[in-house]
Amino acid sequence: MNNTDHAIALVGVTKSYGRTIAVRDLSLEVPRGKLFAFLGPNGAGKTTTIKLIVGLLRPDTGWIHVCGHEVGSNGLAAKAQLAYVPDQPFLYEKLTGREFLYFVAELYGISTRRRDSLLESLIHRLDVGEFLDQLTESYSHGMKQRVVLAAALLHEPAVLVIDEPMVGLDPRAIRVVKNLFVEHAQNGGTVFMSTHTLDIAEAVADQIGIIHRGVLIAVGTLDELRALARRQHSLEEIFLQLTEVGDG
Amino acid sequence: MAEPLAIPPTRSLLGLLLRVKVRSMWNRTRQAVDEAPVRLSAAVILVALIWLGLYWLFYLVFGQFRRTPLEATVAIPLVFNFFFVAMLVMLTFSNAIIAYGALFGKTESAYLLTAPLTPRDVVTLKYLESTVMASWSLILLGLPLMIALADAAERSVLSVAQRPVFYAVFIAFFLAFIPIPGALGMLLAWAAARFCPRRTIQSAAVAGGILVAGFVVWGMRSLRLGETEAEVWLRSFLARMSFIESALLPNNWVAAGIDHMIHNQLSQSLLYLGVTLANAFFISWLAVMIVSRYFDRAHDRAAAGRSGSKRPASRASGGLAGLLFFYLPPPLRLIAAKDLRTFSRDPLQWSQLVILFGLMALYLTNMPTLRVEFSGSGWFLIIPFLNLCAVSLILATFTCRFVFPLVSLEGQKLWLVGLVPTPRGHILLAKFAFAMTVTVFVAVATMALATVMLELDIVWAVIHVVVTVGICFGLCGFSVGIGARLPMFNQTNTARIANGLGGTTNLLASVALVATVLIGVGVATWRSRDLTSGRLPDAASLAICGAAVLVTVAAGLAALWIGARHFNRVEV
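Residues numbered from 1 in each chain as written. Chains lettered and ligands numbered in written order. Predicted model: local features only at pLDDT ≥ 70, side-chain atom pairs only at ≥ 80, totals over all residues.

1. Overview of the overall build of chain A
Per the secondary structure count, chain A includes 9 helices and 10 strands. Expected size for 248 residues packed as a compact globule is a radius of gyration near 18 Å; at 18 Å, chain A falls within 12% of this value. Once the C-alpha set of chain A is aligned to its principal axes, its extents read approximately 50 × 40 × 35 Å. Looking at chain A as a whole, 49% of its 248 residues qualify as buried. (Helix = DSSP H or I, 4+ residues; strand = E, 2+ residues; numbered from the N terminus. Rg over C-alpha atoms; globule rule 2.2 N^0.38 Å. Buried ≥ 20, exposed ≤ 12 C-beta atoms within 10 Å, placed from the backbone.)

Printed below as a string of structure tokens:
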């Protein structure tokens, strides 16, 4: 397999926390320009997989490549292609949202002119202009999530990795974020999104992976999952059936 | 989409990270000036008062030295040697705890690790941050020390014109010294995360406790007078301490440099400053290189180590709570049991209590070795009274830091705790019962040990134990009551809750309460100074002690009542 063909490639990845195996022999390839939804019950290993991809954890066995760069040995090159939005968004609480976005722009070496032009569009689309000059400590979860998404998209990453992106967002913001992700994939970027919101995954994902107890039990398009589950129903029913089989 | 970054940035982004920190600090200061000018002014005034108090104390000490120039020649470098060796140990430990949190515990380091930053930039930032956070108090302590030393020096040695140079070099010594424990602390934190990631904080707390206890045992043994003459003892003591004057230890470079400065030997002083600086740069570079080289592995091990079943411990603490809080109704007993579990799983809380009272216990068990003849004079009461003062102040520190935030922390969970089928104010009783149980247990045990070691009369032993329980009652009542009256429900950081307006109010009230009670007991002790051991105090002294206990109990009850009234109608 040529790992440079894929935005994300995991090969035989296992990760344990003490005696608990969080991810077991996981192999997965996410092509460039695709929106990949990563599903699984609570504690299935979704967040661990995401942390392995972005380099916050190291696999016990196996390899992880991002845009052809091995995360363990060439982490800096891999991270330059990545943007990561965790489930609990991080912001410096004594900076304003605008100061934080300027910091991110400088972190990724974006020129002032380009930063201003990109920010103008993101501020408008994510509707963050009203509170962008307040200290981030006063933001609600949804406001933080929108600013962090703007920061993640600011440097136009090749791979966008997001853990539970829709939590805390209002319906309008969810629509905007969904559209942003789809556009990002259409423009050649890759989105790796973990979520419990199955109807969103069903609506926007090009590919879906289901992990259960650390094992990837299904991966493919929605039609391929339907074929696997031998049912012509919604993703919710497919998910419940597959994870029930995993339990049995 | 633009062409993604193909080549990772090779430039150091440390400057950018530092600018963000400076900006955050600037915003924090501006916010404090705009939103809480009174609190900021009060803090500045309090700091100024502490500085003046320290200056006065140091001036008296150095003035005393100046009266005996021969002894001062030996004593001043020794005092500085002791001061800086103690600072080296304490700052290393404090840096290790802060660096561990900064490197492996904060979401910021996780965020920075996913950005295209070199580990060296992240580690350097965290090193600087933790060193400043752990060491600012040394600077606070150092400035009045420096001015007092210069003012107490003979004018013939250090003229007014020379003092600015002295101050500059003195500050330079402090600044050159603090990176050394900073780097050692960061290496310790990294080693803990890398090699014993499971229960790291517990291991660090226990290691620190053992370190401090060992240091104290060693110190006490060195201080024992034995049967020898004072001069022989002094020589023996200095001989045992001679290793701290080793040329390889940084405390010696700083002490020697300051001593040369006091004697207006600038070039020799600058030589020692150069040695300190060079070593500080070297060890900082070495620590940053080692930690950044293996940072991702250590971060991974620290993250992977935070697991493990708590079921056996949970059963044990549940059983213990059932015994300790048997008198509470079931819902309140469960809340007290929850607080006990949280306490037992937070090493910051129990380790502070264990270390402070452990030090007291060590000191008390070594009391008889001092062989000072107390019986037959009022001293047999003065020493236990001083013990009571120390225990009370430790209790006030503990309740202000750890009991006060308990009610605020329930703010996030009031949807659950607030629905307990009992009046909401009663929840404060559970908090109070938990705090009383923990504080009475350790304080009474310590005071009982003190009375046994000093072979105190039974009447005075009972008086001291009853006063201690009364102080526990008052302090716990204050911390729970004021905690409920001035809570910070939107804050989860206990340190910030304790440092807020309510926490500061509670601290001042607790210190005032302790002072009131101790003045009462002090007066009773003073009135009984002519009593010989075995004689009972007079009725007036007993009445004063009784009144002091009543005052603290009444104050605690009043605070609880005020807190409960507010807590019953509070909206979160």
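2. A look at the overall build of chain B
From N to C terminus, chain B includes 23 helices and 0 strands. Residue burial in chain B is summarised as follows: out of 572 residues, 38% are buried. Considering only contacts in chain B between residues 6 or more positions apart, those separated by 24 or more positions represent 83%. (Contact = placed C-beta atoms within 7 Å.)

3. Quick word on the interface of chain B and chain A
Of the residues lining the interface, 30 residues belong to chain B; the matching set on chain A comes to 34 residues. Of all the secondary structure elements, the ones that give two or more residues to the side of chain B that touches chain A are α1 (14-35), α4 (107-114) and α12 (295-304) of chain B.

4. Considerations on the sheet that holds strand β1 (residues 6-17) of chain A
Residue and element names in this part refer to chain A. The sheet built from 4 strands is open, its strands ordered β2-β1-β4-β5 with antiparallel pairing. Among the strands making up the open sheet, the edge pair consists of β2 (20-31) and β5 (69-70). In the sheet, β1 pairs with strand β4 (residues 61-66) via 5 bridges, with the strands oriented antiparallel. Along β4, the bridge assignment pairs Val11 with Trp63. Against the sheet, helix α1 (residues 46-53) engages β1, β2 and β4, with an angle of about 60° to β2. (Pairing = 2+ DSSP bridges. Axes fitted to C-alpha atoms, helices over the stretch in contact; angles between N-to-C directions.)

5. Quick word on the sheet that holds strand β8 (residues 190-194) of chain A
Residues and elements named next belong to chain A. The strand order β6-β7-β8-β3-β9-β10 describes an open sheet built from 6 strands, whose pairing is mixed. Only two strands of the sheet have a single neighbouring strand rather than two, namely β6 (82-85) and β10 (215-220). Direction aside, neighbouring strands of the sheet carry axes that sit 15° apart on average.

6. Points about the environment of Ala396 of chain B
Residue and element names in this part refer to chain B. Tracing the sequence through the fold places Ala396 in helix α16 (residues 379-403). Sequence separation of Ala396 and Arg67 is 329 residues, and the distance between their C-alpha atoms is 38 Å. Beyond its immediate sequence surroundings of up to four residues, Ala396 is in contact with Leu475, Ser510, Val511 and Val514.

7. Quick word on the nonpolar core
One finds Ala150, Val159, Val161 and Phe192 of chain A together with Ala189 of chain B to be the most contacted residues of the largest nonpolar core, which totals 152 residues. The leading source of residues in this core is helix α3 (residues 69-105) of chain B, at 16 residues. Setting aside its immediate chain neighbours within four residues, Phe192 of chain A contacts Ile8, Val30, Phe36, Phe38, Ile53, Val159 and Val161 of chain A. Counting residues in hydrophobic clusters, the runner-up holds 70 residues, among them Val407, Phe434, Ile471 and Phe478 of chain B. (Core = buried A, V, L, I, M, F, W, Y, C linked by C-beta atoms within 7 Å.)

8. Considerations on the confidence of the model for chain B
Residues and elements named next belong to chain B. Overall, the prediction assigns chain B a mean pLDDT of 81, with 80% of residues at 70 or greater. Counting interchain partners and residues more than four positions distant, the pLDDT-below-50 stretch residues 2-8 has 12 contacts. For this predicted complex, the interface confidence score (ipTM) comes to 0.86, while the overall pTM stands at 0.76. (pLDDT = per-residue confidence, 0-100.)

9. Focus: helix α19 (residues 424-453) of chain B
Helix length check: α19 of chain B, at 30 residues, gives a terminal C-alpha distance of 44 Å against a target of 44 Å (1.5 Å per residue), a fit within 8%. A positive backbone phi angle near 50° is found at Glu455 of chain B, which sits one or two residues after α19 of chain B. (Expected span 1.5 Å × (residues − 1).)

10. Here we look at the packing of helix α5 (residues 119-152) of chain B against helix α11 (residues 266-293) of chain B
Residue and element names in this part refer to chain B. Between α5 and α11, the shortest axis-to-axis distance is 9 Å and the interhelical angle comes to 130°. Classed by the angle they form, the pair α5 and α11 counts as oblique. In the packing of α5 onto α11, the handedness of the crossing is right-handed. Of the residues in α11, those in contact with Pro119, Arg120, Val123, Thr124 and Tyr127 of α5 are Ala287, Val288, Val291 and Ser292. (Parallel < 35°, antiparallel > 145°, perpendicular 65-115°, else oblique. Left-handed = near helix turned anticlockwise from the far one by under 90°.)

11. Thoughts on the pairing of β6 of chain A
Residue and element names in this part refer to chain A. Burial of the side chains of β6 extends over both faces: Leu82 and Tyr84 are buried on one face and Ala83 and Val85 on the other. When β6 meets strand β7 (residues 159-163), the two strands line up parallel, connected through 4 bridges. Considered in β7, the bridge of Val85 is made with Ile162.

12. Here we look at unusual backbone geometry
In the Ramachandran plot, Cys67 of chain A falls in the positive-phi region, its phi being about 50° despite a non-glycine side chain. Tracing the chain through its elements places Cys67 of chain A in the loop between β4 and β5. Residue classification places Cys67 of chain A among the buried residues on the basis of 22 C-beta atoms within 10 Å. Unusually for a residue other than glycine, Asn264 of chain B sits at a positive phi of about 60°. Look at Asn264 of chain B and you get partly exposed, because 15 C-beta atoms sit within 10 Å.

13. Thoughts on the environment of Ser194 of chain A
All names here are of chain A. Mapping Ser194 onto the fold places it in strand β8. Since 23 C-beta atoms lie within 10 Å of it, Ser194 is described here as buried. Sequence separation between Ser194 and Leu101 is 93 residues; the distance between their C-alpha atoms is 24 Å. Discounting residues that sit within four places of it in the chain, Ser194 has contacts with Phe38, Lys46, Thr47, Ile50, Asp163 and Glu164.

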